[in-house]
Amino acid sequence: MKLVVLGATGSTGLEIVRQSIARGHSVTAFVRSPERLKPFRDRISIMQGDLLNSAELEKVINGHDAVVSGFGPRVPISKADANLLRQFAVALTTAMLHADVKRVVVESVAFLFKDSIMPPTYLLGRLFFTGIVADSSAMERVFQESELDWTLVRPPQLTDKPYTGKYRVREGHLPHFGFSISRADVADFMIKAVADPSSIHKIIGICN
């Protein structure tokens, strides 16, 4: 498949790029600063620009099969970035509809699972990560109200542990005792989800 990877220089994004290449996908990474992609520069297309610019996004997405986004907020979040994820979602949904590319898989956060008791993700999010919870929720709403074929992936705490392929997935909920997951395993699921029509219009909880 021809994939556009957004947030490609982040820790999850780099795993998405690495694993997509390994599986034979054609990858275009659209980033603000491409330095971290140097190890892949001979195997992918790198486009530089602004993820909040819908016109720039449209040009990059045109002609591709799907978008995979590991784009997330910089922590701590500055006041200027308070609505960053929502702005990104508006720009991306507009660009994809204009480019006539409908499939998108987006990394979100497990803090939005209000029914998770062990761990109490929503409570922890409201106590310690209020800004991320509010902006991630707004971002998800934009995708859910769009005409795109979206999948929202909500992992708990992300780690840099190696890929295992042994993770639990639950539709609409975080699996019980889902405290963490490696970025490599999140990337694995997201890439597989692109080609899985059963995940369209689904919110997925995932953990090791």
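Residues numbered from 1 in each chain as written. Predicted model: local features only at pLDDT ≥ 70, side-chain atom pairs only at ≥ 80, totals over all residues. Heavy atoms only, no water.

Participant: Could you clarify how one ought to interpret a nonpolar patch on the surface in this entry?
Facilitator: Nonpolar side chains collect at one region of the surface, where Leu123, Leu124, Leu127, Phe128 and Phe129 lie side by side and expose about 500 Å² of accessible area between them. Take leucine 123: it is sitting in helix H4 (residues 121-128). (Patch = residues over 30% accessible without salt bridge, like charges linked within 9 Å, V, L, I, M, F, W, Y side chains within 5 Å. Areas by Shrake-Rupley, 256 points an atom, 1.4 Å probe, with all protein chains shown as cover. Salt bridge = Lys/Arg side-chain N within 4 Å of Asp/Glu carboxyl O. Helix = DSSP H or I, 4+ residues; strand = E, 2+ residues; numbered from the N terminus.)

Participant: Explanation requested: the pairing of strand E10 (residues 202-207) in the structure shown.
Facilitator: Consecutive side chains of a regular strand alternate in pointing toward one face of the sheet and then the other. Counting buried positions along E10 yields five of six residues, so the element is predominantly enclosed. Sheet topology note: the strand E6 (residues 149-154)/E10 ladder contains four bridges and is parallel. Of the residues in E10, the one forming a bridge with leucine 152 is isoleucine 203. The pairing of strand E8 (residues 168-171) with E10 spans four bridges and is antiparallel. Bridging across to E10, arginine 168 finds its partner in cysteine 207. (Buried < 20%, exposed > 50% of the residue type's maximum accessible area, 1.4 Å probe, protein only. Pairing = 2+ DSSP bridges.)

Participant: What is the right way to look at the side chain of histidine 64 in this model?
Facilitator: You can see histidine 64 is positioned in the loop between helix H2 (54-61) and strand E4 (66-69). Under the relative-accessibility criterion, histidine 64 is labelled buried at 13%. Here asparagine 62 takes part through its backbone oxygen, which lies 3.4 Å from a polar atom of the side chain of histidine 64. The contact partners of histidine 64, leaving out residues within four places of it in the chain, are Lys2, Leu3, Val4, Thr28 and Val101. (Polar contact = N/O pair within 3.5 Å; in protein donor to acceptor, adjacent residues only side chain to side chain. Contact = heavy atoms within 4.5 Å.)

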